[in-house]
Amino acid sequence: MHELSIAMSIIDIACEESRTRGDARVIAVHLKIGRMSGVVSEALLSAFELAREDTLLAAAELKIEDMPVRVHCPQCGCEQLADSIQCLCCSVCGTLSPEITQGCELEVVAMELEPMEVV
Ligand SMILES: [Zn+2]
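Worth saying up front: this structure is predicted, and the values here are computed from it rather than measured.

## Here's the deal with the packing of helix α1 (residues 2–20) against helix α2 (residues 41–51)
Argument step 1. Two elements in contact, α1 and α2, have axes separated by 8 Å at closest approach and are oriented at 55°. The orientation of α1 with respect to α2, classified from their angle, is oblique. When the axes of α1 and α2 are compared, the crossing they make is right-handed. Of α2, the residues touching α1 (which contributes Glu3, Leu4, Ile6, Ala7, Met8, Ile10 and Ile11) are Ala43, Leu44, Ala47, Phe48 and Ala51.
Argument step 2. By residue class, the composition of the contact of α1 with α2 is 11 nonpolar, no polar and one charged.

## Details of α2
Argument step 1. Taken as a whole, α2 has its buried residues at Ser41, Leu44, Ala47, Phe48 and Ala51. All buried residues of α2 lie within an arc of 125° about the axis, which places them on one face of the element. Turned more than 90 degrees away from the buried face of α2, the exposed residues are Glu42 and Leu50.
Argument step 2. As for α2, its buried residues are in contact with α1, β1 (25–34) and β2 (61–67).

## Observations concerning the environment of Val40
Argument step 1. Mapped onto the secondary structure, Val40 falls in the loop between β1 and α2.
Argument step 2. Classification of Val40 by relative accessible area gives partly exposed; the value is 44%.
Argument step 3. Considering only alpha carbons, one finds Val40 and His2, 38 residues apart in sequence, at a separation of 9.8 Å.

## A short note on the coordination of the zinc ion
Argument step 1. Looking at the zinc ion, the protein donor atoms are Cys73 (SG), Cys76 (SG), Cys90 (SG) and Cys93 (SG), and they sit 2.2 to 2.3 Å from it.
Argument step 2. In this structure, the zinc ion is coordinated by four donor atoms arranged in tetrahedral fashion, with angles at the metal of 102 to 115°.
Argument step 3. Sequence positions of the donors to the zinc ion reduce to the motif C-x2-C-x13-C-x2-C. Placement of the pair is Cys76 in the loop between β3 (70–73) and β4 (78–81) and Cys90 in the loop between β4 and β5 (99–102), with a sequence separation of 14 residues.
Argument step 4. In this structure Cys90 comes out as buried when scored by relative accessible area, which is 1%.

## Details of the UniProt feature "binding site: Zn(2+)" (unreviewed entry) in the protein chain
Argument step 1. Mapped onto this numbering, the UniProt entry gives "binding site: Zn(2+)" (unreviewed entry) at Cys73, Cys76, Cys90 and Cys93. Over a stretch of 21 residues, the named residues converge on one spot in the fold, their C-alpha atoms separated by at most 8.7 Å.
Argument step 2. In this structure, Cys73 sits in strand β3.
Argument step 3. Cys73 has contacts with Cys78, Gln80, Cys90, Cys93, Thr95 and Ser97, leaving out every residue within four places of it along the chain.
Argument step 4. Tracing the backbone through its elements, the reader meets Cys93 in the loop between β4 and β5.
Argument step 5. Filtering out sequence-adjacent residues up to four positions away, Cys93 remains in contact with Cys73, Gln75 and Cys76.

## Observations regarding the nonpolar core
Argument step 1. Residues Ile10, Val29, Leu44, Leu57 and Leu62 are the most contacted members of the largest nonpolar core, which totals 18 residues.
Argument step 2. Put simply, the parts of the chain that give this core at least two residues each are α1, β1 and α2.
Argument step 3. For this core, the element with the highest residue contribution is α1, accounting for six residues.
Argument step 4. Those residues within four positions of Val29 in sequence are excluded, and the remaining contacts are Ile10, Ala14, Leu57, Glu61, Leu62, Lys63, Val108, Ala110 and Met111.

Calculation notes
- By convention here, each chain's residues receive numbers from 1 onward along its written sequence.
- Residues qualify for local features only when their pLDDT is at least 70, as the model is predicted, and side-chain atom pairs are given and counted only at 80 or more; totals for whole chains, interfaces and linings, by contrast, use all residues.
- For side-chain calculations, the full set of non-hydrogen atoms in the structure is used, while hydrogens and water are omitted.
- A fitted line through C-alpha atoms serves as each axis, taken over the contacting stretch for helices, and the angle formed by two N-to-C directions is quoted from 0 to 180°.
- Starting at the N terminus, helices and strands are each numbered in turn, a helix being any DSSP run of H or I of at least four residues and a strand any DSSP run of E of at least two.
- For classification purposes, angles smaller than 35 degrees are called roughly parallel, those larger than 145 roughly antiparallel, those between 65 and 115 roughly perpendicular, and all remaining angles oblique.
- By convention, the crossing between two helices is left-handed when the near helix turns anticlockwise from the far helix through less than a right angle, and right-handed when the turn is clockwise.
- Here, residues are in contact when the closest pair of their heavy atoms is within 4.5 Å.
- Here the nonpolar group is Ala, Val, Leu, Ile, Met, Phe, Trp, Tyr, Cys and Pro; Asp, Glu, Lys and Arg are the charged ones; every other residue, Gly included, is treated as polar.
- In this scheme, a residue with accessible area under 20% of its type's maximum is buried, one over 50% is exposed, and one in between is partly exposed, where area comes from a 1.4 Å probe on protein chains only.
- Arc definition: it is the arc formed by the directions from the helix axis to the C-beta atoms.
- In this listing, donors mean N, O and S atoms no farther than 2.8 Å from the metal, or 3.2 Å for Na, K and Ca; water is missing from the atoms, so a site can look incomplete.
- Think of it this way: with four donors and all angles in the 85 to 135 degree range, the site is tetrahedral; with four or six donors, opposite ones beyond 155 degrees and the rest between 65 and 115, it is square planar or octahedral; otherwise it is irregular.
- UniProt positions are given in the numbering used here, feature names are shortened, and annotations may be inferred rather than shown by experiment.
- For the purposes of this section, nonpolar cores are sets of buried Ala, Val, Leu, Ile, Met, Phe, Trp, Tyr and Cys residues that join through side-chain atoms within 4.5 Å.

What follows is the structure in structure tokens.
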């Protein structure tokens, strides 16, 4: 149930944000998930759909951006895409890299909020 606890903390963050803006309606939450974060986007999406019920996010959408794995290649001297998540080699020259620069993240990058209508 790893994904469910992540979904619930995303909802917590969003509710908090909504409260600081006078209970604004949350329309969407944007997330970045690295391929090496160990989180499966599909599983997180279905967990989110369960967890959002009866919260401020009941109608909110979870928008996930999949982040490919990038490494700093000592041979090329710059950041390159990794071959795969099993092999952290530069996809250009094949050199094994000791430094992952992208692909482990799991973060909320943005939120779309709509102020409550004053009736
Ligand atoms: Zn390289």
